Amino acid sequence: MSYSNNCWVMTGTYAFDIISEGGERIMEERFNKIEDMLSQLIHMVGTMKAEQEEMKSEITGMKSEITGMKSEITGVKSEITGIKADLGTVKREQGELKDTVNILKRDNEHAHKEMLETLKSLESDQDFIWQKAVKNERDIARYVKQQD
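The rules behind these values
- Sequence order sets the numbering: in each chain, residues are counted from 1 along the sequence as written.
- At least 70 in pLDDT is required for a residue's local features to be given in this predicted model, at least 80 for side-chain atom pairs to be given and counted, and no such filter applies to totals for whole chains, interfaces and linings, which use all residues.
- Excluded from the side-chain calculation are hydrogens and water; included are all heavy atoms of the structure.
- What counts as a helix is a DSSP run of H or I of at least four residues, what counts as a strand is a run of E of at least two, and both are numbered from the N terminus.
- Partly exposed describes any residue whose relative accessible area lies between the buried limit of under 20% and the exposed limit of over 50%, with all areas from a 1.4 Å probe on protein chains only and scaled to the type maximum.
- Note that accessible areas follow from Shrake-Rupley with a 1.4 Å probe, and for residues the cover is restricted to the protein chains shown.
- Patch definition: residues above 30% relative accessible area lacking any salt bridge, with like charges linked at up to 9 Å and the nonpolar side chains Val, Leu, Ile, Met, Phe, Trp and Tyr linked at up to 5 Å.
- A pair is scored as a salt bridge if a Lys or Arg side-chain nitrogen falls within 4 Å of a carboxyl oxygen belonging to Asp or Glu.
- Values of pLDDT, which run from 0 to 100, indicate the predictor's confidence residue by residue.
- Throughout, a contact is declared for two residues whenever any of their heavy atoms are within 4.5 Å.
- Under this rule, positive means Lys or Arg and negative means Asp or Glu; His and the chain ends count for nothing.
- Think of each charge as sitting on NZ of Lys, CZ of Arg, CG of Asp or CD of Glu.

Asker: Summarise the overall build of the chain; cite the residues concerned and give the values.
Answerer: Counting secondary structure elements, the chain contains one helix and two strands. Sequence-ordered secondary structure for the chain, helices as α and strands as β, is β-β-α. In the chain, buried positions account for 3% of the 148 residues. Put simply, the chain shows about 13900 Å² of open surface, and 59% of that area lies on carbon and sulfur atoms.

And the structure:
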């Protein structure tokens, strides 16, 4: 192997021929650079792995929160269904009460009309009785006059 123009050229099967004295130093510097880059890569991969583990942990926490929220939403939906059923019952009962009130109003109006008719009939009867009483008193008075 020979060194020319900053390049190594292999001259033997597994052996390197280093032409200049600074070749070992250059190789050492290159090794150091490669070691530094490898160290940086290992550090970056370690950092990325730690970040990935942290993200996994956060995602697991989020999944747990989402599961809890889903459970709460299911509970709320169940409560809403119950409230809707209760509301339906209240509306039905309210309708029944309205019907009952309307029936009572109608019955009350009918009873009121009957009372008015009865009062009018009693008033007519009273007038008739008073007229008869007055006529009887006059007849008695005439009869008493005739007897004297």
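Asker: Report on a nonpolar patch on the surface, specifying residues and quantitative values.
Answerer: Together, L38, L41, I42 and M44 give the surface a local cluster of nonpolar side chains, amounting to about 410 Å² of exposed area. Locating L41 in the fold gives a position in helix 1 (residues 23–147).

Asker: Describe the pattern of salt bridges, and please don't skip the residues or the numbers.
Answerer: For the structure on display, the rule yields three salt bridges. R25 is paired through a salt bridge with E29; the nearest N and O atoms lie 3.1 Å apart. Within this pair, R25 and its partner E29 are both found in helix 1, separated by four residues, close to a single helical turn. The class of R25 is exposed, set by a relative accessible area of 52%. For R142, the salt bridge goes to D139, with nearest N and O atoms at 3.1 Å. On the criterion of helical spacing, the pair formed by R142 and D139 is a turn pair, its members being three residues apart in helix 1. A residue is classified by how much of its surface remains accessible, and D139, at 32% relative accessible area, is partly exposed.

Asker: Help me get a handle on the confidence of the model for the chain, residues and values and all.
Answerer: Of all residues in the chain, 85% have pLDDT values of 70 or greater, and the mean over the chain is 87. In the model of the chain, strand 1 (residues 2–4) stands out as the element of lowest mean pLDDT, 46, in contrast to helix 1, which has the highest, 94. When the criterion is pLDDT under 50, residues 1–19 qualifies, and its contacts beyond four places in sequence or with other chains add up to 31 contacts.

Asker: An account of a negative patch on the surface is requested, with residue identities and associated values reported.
Answerer: A contiguous patch of negative charge, built from E24, E28, E35 and D36, is present on the exposed surface. Here E24 is to be found in helix 1.

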